[in-house]
Amino acid sequence: MADELELLRGANPFTADGSPYGDGPLDHRAERRLNRLLSERRTGRRRLLWSLGTAVVVAATVCTLSLGGPNGTPAVAAPRPLVVHANSTPVTLKQLAALAEAVAADGTPVLRKGTHVRSWSLGMSDDGPPVTVPEERIVRWNADDSHTERVVEDGQVVKETTYPPSWSDVPPDARPPHDVAGLRAYLRETAYSRTALTTPELLGAVAELLDHWTLGARESAALARLLAEADGLRPAGEVTDRLGRRGEAYVYPRSGSRLMLIMDPATGAVLGMESTFTKDRPEYGVKAGDVMDYRVWTR
């Protein structure tokens, strides 16, 4: 019940800068949270809530199932987990943070509102097969504070919405700071927390930030320094991400799963995140190494 109340608060479509009568359209953040709430209620909260570390009912054979609908579009096979390159030398987060700070000296690239994110997650509903189609979301803001959100699935634009001018001083919509103390407070507010964030909570808040903003060099440097202070993030070595980019991997083990953070070794920017199972769960139809979800961000 407490989790559902928190979802209700997060799904509130009324914002401080919006219509006091609630007669305007939902912005993309409120719409996603409201859809999430409705989906979880509809499926009896049996979706995979990775941020809570909850593994629940999933499909045993994702790659052989097909999506519902008149065309019977085949589901995309579940992705394989990222693999650390053999014999690569791990780079500590402190080393990477120092590099990011040096790269950020000239202040370029600059912070930009909006995002370009590719994501995939394993989940299911009561009335259909698992949804396994990767999603690409592109959000671009205009000078008048209006913005457009485009959603792409299987290379096809499935939704494009233009929102009227809006503004908010609440994270993650508010402009993120580029100092460590300010960013720490910002991410706590993003996570609706009054206490210090655990490492999984911190990574969840970082993902929410990157779903709204394309960080500049200074913000990325502050974030790298903040991540270097996180407990339990272990350097694992070099990986190639799902866009073919070279990255440094940092892993955080949890009970039955593993979080992986991928960062750019040249700039210290966050490139992506991945969650995988680390134990077989035959009762749920998943095996160790199965990908739970991933996100990839680009400029």
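Here, the structure is the one placed above.
These numbers were taken from a predicted model, which means no experiment stands behind them. All residue numbers refer to positions counted from 1 along the written sequence of the respective chain. In view of the model being predicted, local features appear only for residues whose pLDDT reaches at least 70, and side-chain atom pairs are presented and counted only at 80 or more, with totals across whole chains, interfaces and linings using the full set of residues. Side-chain numbers here rest on the full set of heavy atoms in the structure, without hydrogens or water.

**Describing the overall build of the protein chain**
The cut-off we apply is this: Numbering of helices and strands runs from the N terminus, with a helix taken as a DSSP run of H or I at least four residues long and a strand as a DSSP run of E at least two residues long. What makes two residues a contact is simply this: any of their non-hydrogen atoms within 4.5 Å. Surface accessibility in these figures is a Shrake-Rupley result with a 1.4 Å probe; residues are shielded only by whichever protein chains are displayed.
Scanning the protein chain for helices and strands turns up 6 helices and 10 strands. Summarising the internal contacts of the protein chain: among those between residues at least 6 apart in sequence, 57% fall at separations of at least 24. As presented, the protein chain carries roughly 15200 Å² of accessible surface, and 53% of it is formed by carbon and sulfur atoms.

**Topic: the packing of aromatic side chains**
Put simply, the rule is: Any two of the Phe, Tyr and Trp rings considered here, Trp counted by its six-membered ring, make a pair once their centres fall within 6.5 Å; the pair's planes then place it as stacked at under 30 degrees, edge-to-face at over 60, or tilted in between. Think of it in three bands: residues with accessible area under 20% of the maximum for their type are buried, residues over 50% are exposed, and the middle band is partly exposed, with areas taken using a 1.4 Å probe on protein chains only. Charge-over-ring placement is defined geometrically: NZ (Lys) or CZ (Arg) within 6 Å of the ring centre, and within 35 degrees of the ring normal.
For the coordinates displayed, the defined rule picks out 1 aromatic pair. Plain terms: the ring middles of Trp120 and Tyr294 are 6.4 Å apart, the flat faces sit at 15° to each other, and that makes the pair stacked. Taken together, the residues Trp120 in strand E1 (residues 112-121) and Tyr294 in strand E10 (residues 291-297) connect sequence positions 174 residues apart. Here the two residues Trp120 and Tyr294 agree in accessibility, since each one is buried. Lying over the aromatic face of Trp141, Lys113 brings its terminal NZ or CZ to 3.8 Å of the ring centre. Note that Arg242 overlies the ring of Tyr294, its terminal NZ or CZ placed 4.2 Å from the centroid.

**Quick notes on the environment of Ala191**
Within the secondary structure layout, Ala191 lies in the loop between helix H4 (180-190) and helix H5 (199-210). Under the relative-accessibility criterion, Ala191 is labelled partly exposed at 31%. Separated by 20 residues in the primary sequence, Ala191 and Pro171 have C-alpha atoms spaced 9.0 Å apart. Excluding anything up to four places from it in sequence, Ala191 contacts Leu197 and Ala205.

**Looking at unusual backbone geometry**
Cis geometry is adopted by the peptide bond preceding Pro109, which originates at Thr108 and carries an omega value of 0°. The topology assignment puts Pro109 in the loop between helix H3 (93-103) and E1. For the bond running from Pro171 to Pro172, omega is 5°, close enough to zero to count as cis. By secondary structure assignment, the location of Pro172 is in the loop between strand E4 (156-163) and H4. A positive phi is found at Asp154, a non-glycine position, where the angle reads about 55°. For Asp154, the location among the structural elements is in the loop between strand E3 (147-153) and E4. Located in the positive-phi region is Tyr192, a residue other than glycine, with phi close to 55°. Considering the arrangement of structural elements, one finds Tyr192 in the loop between H4 and H5.

**Observations concerning the environment of Thr92**
If you trace the backbone, Thr92 turns up in the loop between helix H2 (28-42) and H3. Those residues in contact with Thr92 that lie beyond four places of it in its chain are Pro235 and Tyr250.

**Considerations on the pattern of salt bridges**
Going by this rule: Salt bridges, as used here, are contacts in which a Lys or Arg side-chain nitrogen is within 4 Å of a carboxyl oxygen on Asp or Glu.
Under the defined criterion, the tally for this structure stands at 10 salt bridges. Across the pair Arg118 and Glu136 runs a salt bridge, and its minimum N-O distance is 3.2 Å. Note that Arg118 is positioned in strand E1 and Glu136 in strand E2 (residues 135-141), a separation of 18 residues in sequence. Glu274 serves as the salt-bridge partner of Arg258, at 3.9 Å between the closest nitrogen and oxygen. Of the two residues, Arg258 sits in strand E8 (residues 257-263) while Glu274 sits in strand E9 (residues 270-277), which places them 16 residues apart along the sequence. Accessibility expressed as a relative area gives 24% for Arg258, which makes it partly exposed. Ionic contacts of the salt-bridge type, sharing partners, join the residues Arg242, Arg258 and Glu274 into one network.

**Structural notes on H5**
Three- or four-residue spacings in an α-helix give side chains the same orientation, since the helix completes a turn every 3.6 residues. This is how the line gets drawn: The span one expects for a helix is its residue count, reduced by one, times 1.5 Å.
Between its terminal C-alpha atoms H5 stretches 16 Å, which fits the 16 Å expected from 12 residues at 1.5 Å a residue. Counting buried positions over the 12 residues of H5 gives 10, a clear majority of the element. Residues of H5 that are buried include every one of Thr199, Pro200, Leu202, Leu203, Ala205, Val206, Ala207, Glu208, Leu209 and Leu210, and no others.

**A closer look at the nonpolar core**
To be explicit about the condition: Nonpolar cores are built from buried Ala, Val, Leu, Ile, Met, Phe, Trp, Tyr and Cys residues. Side-chain atoms within 4.5 Å join them into one set.
Leu187, Leu227, Leu233, Leu261 and Met263 are the most contacted members of the largest nonpolar core, which has 38 residues in total. Elements supplying a minimum of two residues to this core: H3, H4, H5, helix H6 (217-228), strand E7 (246-254), E8 and E9. Excluding residues within four positions of it along the chain, Leu233 makes contact with Leu93, Thr199, Leu203, Leu227, Tyr250, Val251, Tyr252 and Leu261.

**A short note on H3**
The cut-off we apply is this: By construction, the arc corresponds to the directions joining the helix axis to the C-beta atoms.
Listing the buried residues of H3 in full gives Leu93, Leu96, Ala97 and Ala100. The buried residues of H3 all sit within an arc of 100° when viewed along its axis, so they share a single face. Across from the buried face of H3, at angles greater than 90 degrees, the exposed residues are Lys94 and Ala102.

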